[in-house]
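So you can see what is in the structure, the chains are spelled out below.
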Amino acid sequence: MIKSMRQPTLQTLGLGNVLEIFLNKHLPANPMDLVDTVFGSGDDRGSLVISGANGIVGAGKTMQLGSRLQPYNVTTVGLDFPGSSDAINKHYPGLVRAFGRQSADQIMSNIVQLTYDGKHLPSELNGLKPRFLLEAIPEILELKKAHYYLFRETYPTMDIRSVTSGFPSSELGAGIAHPAFPHEINKIWEIVESQPSPFTQLLWSLGLIPIPVSDHWSFVLDVLFCGITLTGLRYHQATNMPYWKIDKYIRKHFGPNPFRAHDAIGAKGANFLTWSCLHDLDKQYGELFRPTEDLIEHKDSGQNWYPLNHFRPLVNWTIDGDEEENFLNWTEGALFQMASLMLHENRGHLSHINGIGELCAQFQQGILAMMRKMGSSAIIKRVEAYHNLHPEAAQCCWYPESFDQIESPEWQQLYVNAEHDGKIGVITISRESYNWDVDRELNQAIDWLKNEKIERVIVTGDFHLSTQMVGADTSEFFPALIDVETGFNVSSTWSQTARRLHNEFNVSVGYINGKRCLGGFLELMVHCHYIVSTDEANLGMPEVTLPVIPGMEGCHWPFRKANSTDWPKLVRLLLTGKSILAKDAVGWLIDYSGTVDDSLQAAWEIVSGNTDKFPQKEFVIEALKEIPLDVSLPASESPAMETTQKAILDTIQHSCSVPLSEALNIQARHSADFMTSQVCNEGMIGSECAKIEDI
């Protein structure tokens, strides 16, 4: 029997526990089997139809699904009105960049474009055996219903999903597969269905990220994104601050630029969709979601929110502390009230609600993680302050009792989960960048496993929300740019957490199954006794390009595990910032790579104690000698990179030349000192900080 801290999100897809993946030594869903189930097998293979295929959403999904289904001989049919702009072929250059011309041509040759009059389906469709309809036509309820009737009358057994951003399944009479923007890139789909379907599991098996949500108006993503847009509109209404300036403060406190996003997407369509979602939410729930007059005006005119650049300096100013508090009352207060509604209605797994904000709406920190940090009393106080400003909102959908369980594992483990079968545990991380939340939750997961008497553990992504591990969340470094002790605290504390994987388990295995593992996450994994990876995962230490010094012991820990003959490879990895394939890192950075099934089997054998084929490398706790300084490197790209390379070399030399007991503090001090340097402050992290903080 498997026990877990909280429900794994993979279970919501009907795909079991993560630990079972390692037990079974293969993934829980096979794309070929699911393609046969959804589209038919052999000569009976049918097609995917995407209606509204020349719209932004339809064309993006035609590319995303067409490229993934082409190897399985599933034809994608793009259906739209005659004369509609050919948005599908506009994506061809992007396909060439992603797949190369030959593969792009094969994908495009498997896409059939048909036109119809809206009342009669084209006769050519019969020969293509349509099996599944993804509807992406305009957001007009009666139009969508008539569209489904047309298809069901001709193809009674055809399965249908709508990409609608607002209408629930109960209103449409069809399931929901709502994709996040940008549609050809973002892998997230909000799914509404009574139970996990083969189509949803097929999306997962193809490398996409389906997320089950409940059947409520606007689901989760658009409540958050349209909601944060509305908070900015209400603040504009109250203060007359220009939209572009409000965007700056929203970005500072939350992450996204909602008004800029509307303009980037295409103001005419985006303004209508936001108005449509809020209009429907207003009818269902009341004043909290009522669209403002300026949104209605922009919906009708299709006007952009941002003025020409040369107008902005004329009205550039910074608000003071009291005004900023007022801004948060208008924005945070409304968002927290909207979140209480989603919690009250149980719109999704808490990790899903939180993750959708980060992965789709560009929140720097998920809405629930943000609220968790404040605590229930502060949340309620903020919403009450909002109600003082907007009394009508207090009359609808405010559920302060939804925060009563804020200390529960579901709230406390939004990013990190742990499971075990009584002997072997697995820690799963669902956030793609490491931050203080992940660090705290990882410590709690380790504590839980230790209390459960688990001595063998696998550390991995969650096989769902996290498809890669990109390194540290660099926004956590912003305070360290001006305060060296803050930087030291980040580096030393995170390193101490990583060391627990080495010190507190008899066997720990880092398993890398995403497309990349970089920077701080690779440093974390290196602390495990073993690292196992799939062949094609990219591994790298890109800190030199940011520029920062690796802060989680990357400048000495890997050297203590590797043979001295391999030290030059580690130095080059750190000084070039270039990634390598996992299969090229075996023996000096990781212990094994293989196919998905082979690597899962290897990870399970190691953690189970069958290590004859995988002898553990000696880990050196004494000082290391003669770390190579003169390694073959390409010419530095800039003086800043050359300075950073020298700083990293100094850190390698200093932290490797002392015993392990002294190395952590030394590495952390080097990392912290460098973050306050001019080179770091003028680099990518410093520039991003200035863009967000300097208003």
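Residues numbered from 1 in each chain as written. Predicted model: local features only at pLDDT ≥ 70, side-chain atom pairs only at ≥ 80, totals over all residues. Heavy atoms only, no water.

1. Points about the sheet that holds strand E19 (residues 580-581)
Then comes step 1: The three strands are arranged E16-E18-E19 in an open sheet whose pairing can be described as mixed. Where the open sheet ends on each side, the last strands, each with one partner, are strand E16 (516-518) and E19.
Then comes step 2: Where strand E18 (residues 538-540) lies against E19, two bridges are found, and the strand directions are antiparallel. Following the sheet pairing, Asn 538 is matched in E19 by Leu 581.
Then comes step 3: Set on the sheet, helix H22 (residues 519-526) makes contact with E16 and E18; between it and E16 the angle comes to about 90°. (Pairing = 2+ DSSP bridges. Helix = DSSP H or I, 4+ residues; strand = E, 2+ residues; numbered from the N terminus. Contact = heavy atoms within 4.5 Å. Axes fitted to C-alpha atoms, helices over the stretch in contact; angles between N-to-C directions.)

2. Comments concerning the domain arrangement of the chain
Accessible area lost on assembly of the parts is the figure often given for the size of an interface.
Then comes step 1: Each assigned domain of the chain is listed with its residue range as follows: domain 1 (46-179), domain 2 (220-409) and domain 3 (468-693).
Then comes step 2: Centre-to-centre, using C-alpha coordinates, domain 1 lies 32 Å away from domain 2.
Then comes step 3: Listed by partner, the interface residues are six residues for domain 1 and eight residues for domain 2.
Then comes step 4: Summing both sides of the interface, domain 1 and domain 2 together bury roughly 510 Å²; the carbon and sulfur share of this comes to 63%.
Then comes step 5: Taken as a group, Glu 139, Ser 165 and His 178 account for 61% of the area that domain 1 buries against domain 2, more than any other trio of residues on that side.
Then comes step 6: Seen at the junction of domain 1 and domain 2, the total is zero salt bridges.
Then comes step 7: A breakdown of the residues in the side of domain 1 that touches domain 2 according to their chemical character gives two nonpolar, three polar and one charged. (Domains from an automatic or database assignment. Buried area = accessible area lost by both parts, 1.4 Å probe. Salt bridge = Lys/Arg side-chain N within 4 Å of Asp/Glu carboxyl O. Nonpolar A, V, L, I, M, F, W, Y, C, P; charged D, E, K, R; others polar.)

3. Regarding the pattern of salt bridges
Then comes step 1: A complete count under the given rule lists 30 salt bridges for this structure.
Then comes step 2: Between Glu 358 and Arg 431 there is a salt bridge, with the nearest N and O atoms lying 3.2 Å from each other. With Glu 358 in helix H16 (residues 350-359) and Arg 431 in the loop between strand E11 (424-429) and strand E12 (433-434), the pair connects residues that are 73 residues apart, well separated along the chain. The residues Glu 358 and Arg 431 share a single accessibility class, namely buried. (Buried < 20%, exposed > 50% of the residue type's maximum accessible area, 1.4 Å probe, protein only.)

4. Here's the deal with the packing of aromatic side chains
Then comes step 1: This model, assessed by the stated rule, comprises 22 aromatic pairs.
Then comes step 2: Summarising the aromatic geometry, the rings of Phe 559 and Trp 567 are spaced 6.5 Å apart at their centres and angled 65° between planes, so their arrangement reads as edge-to-face. Trp 567 matches Phe 559 in its accessibility class, with the two residues each being buried.
Then comes step 3: Among the aromatic side chains, those forming a connected cluster through ring pairs are Tyr 434, Trp 436, Phe 477, Trp 494 and Phe 521.
Then comes step 4: Between the NZ or CZ atom of Lys 450 and the centre of the ring of Phe 505, over which it lies, the distance is 5.3 Å.
Then comes step 5: The ring of Phe 488 has Arg 669 lying over it, and the distance from NZ or CZ to the ring centre is 4.1 Å. (Phe/Tyr/Trp six-rings, centres within 6.5 Å; stacked < 30°, edge-to-face > 60°. Lys NZ or Arg CZ within 6 Å of the ring centre and 35° of its normal.)

5. Points about the nonpolar core
Then comes step 1: Judged by nonpolar contacts, the single largest core of 168 residues is most densely connected at Phe 289, Ile 367, Ile 427, Phe 559 and Leu 589.
Then comes step 2: Here the element with the most residues in this core is helix H15 (residues 321-344); it accounts for eleven residues.
Then comes step 3: Non-local contacts of Phe 289, meaning those with residues more than four positions away in its chain, are made with Val 223, Leu 230, Arg 234, Leu 278, Leu 281, Asp 282, Met 338, Leu 341 and Cys 397.
Then comes step 4: Ala 53, Trp 189, Val 507 and Ala 603 belong to the second largest nonpolar core, which has 58 residues in total. (Core = buried A, V, L, I, M, F, W, Y, C linked by side-chain atoms within 4.5 Å.)

6. Details of the layout of surface pockets
Then comes step 1: Approximately 1000 Å³ is the volume found for the second largest pocket.
Then comes step 2: Forming the boundary of the second largest pocket are 26 residues, of which Leu 27, Trp 204, Ser 205, Leu 206 and Gly 207 lie nearest the centre.
Then comes step 3: Among the elements of the structure, helix H9 (198-205) and helix H25 (596-608) are those that each provide at least two residues to the lining of the second largest pocket.
Then comes step 4: Tallied by class, the residues present in the lining of the second largest pocket amount to ten nonpolar, eleven polar and five charged. (1 Å grid on protein atoms, 1.4 Å probe; cavity = no way out; pocket = protein on both sides within 12 Å on 5 of 7 lines; lining within 4 Å. Points joined across faces, edges and corners; volume = space filled by probe spheres on them.)

7. Concerning the sheet that holds strand E17 (residues 530-534)
Within a sheet, neighbouring strands are paired by backbone hydrogen bonds and run either parallel or antiparallel to one another.
Then comes step 1: Reading across from one edge, E1-E10-E11-E13-E15-E17-E20 is the order of the seven strands in this open sheet, with mixed pairing throughout. The sheet terminates laterally at strand E1 (3-4) and strand E20 (592-594), the two strands that pair on one side only.
Then comes step 2: Relative to strand E15 (residues 507-512), strand E13 (residues 456-461) is paired through five bridges, and the arrangement is parallel. Bridged to Val 459 within E15 is Gly 510.
Then comes step 3: Strands in contact with H22 are E11, E13, E15 and E17; relative to E15, the strand with the most contacts, it is inclined by about 150°.
Then comes step 4: In the packing of H25 onto the sheet, contacts are made with E11, E13, E15, E17 and E20, and the angle to E15 comes to roughly 170°.

8. A word on the side chain of His 236
Then comes step 1: Mapped onto the secondary structure, His 236 falls in helix H10 (residues 221-239).
Then comes step 2: Judged by its relative accessible area of 15%, His 236 falls in the buried class.
Then comes step 3: For His 236, the contacting residues outside a window of four places in its chain are Met 241, Pro 242, Tyr 243, Ile 246 and Asp 294.

9. Observations concerning the packing of H15 against helix H17 (residues 367-374)
Then comes step 1: In the contact formed by H15 and H17, the axes pass within 11 Å of each other and the chain directions differ by 110°. One element, H15, and the other, H17, form an angle in the roughly perpendicular class. Between H15 and H17, the contacting residues are Glu 332, Leu 335, Phe 336, Ala 339 and Leu 343 on the first element and Ile 367, Leu 368, Met 370, Met 371 and Met 374 on the second.
Then comes step 2: Class assignment for the residues of the contact of H15 with H17 results in nine nonpolar, no polar and one charged. (Parallel < 35°, antiparallel > 145°, perpendicular 65-115°, else oblique.)

10. Considerations on the packing of helix H2 (residues 31-39) against H9
Then comes step 1: Viewed as axis vectors pointing N to C, H2 and H9 meet at an angle of 145°, and their least axial separation amounts to 9 Å. The crossing of H2 and H9 is left-handed. Listed contacts from H9 to Pro 31, Leu 34, Val 35, Thr 37, Val 38 and Phe 39 of H2 are Pro 198, Phe 199, Gln 201, Leu 202 and Ser 205.
Then comes step 2: Grouping the amino acids of the contact of H2 with H9 by side-chain chemistry returns eight nonpolar, three polar and no charged. (Left-handed = near helix turned anticlockwise from the far one by under 90°.)

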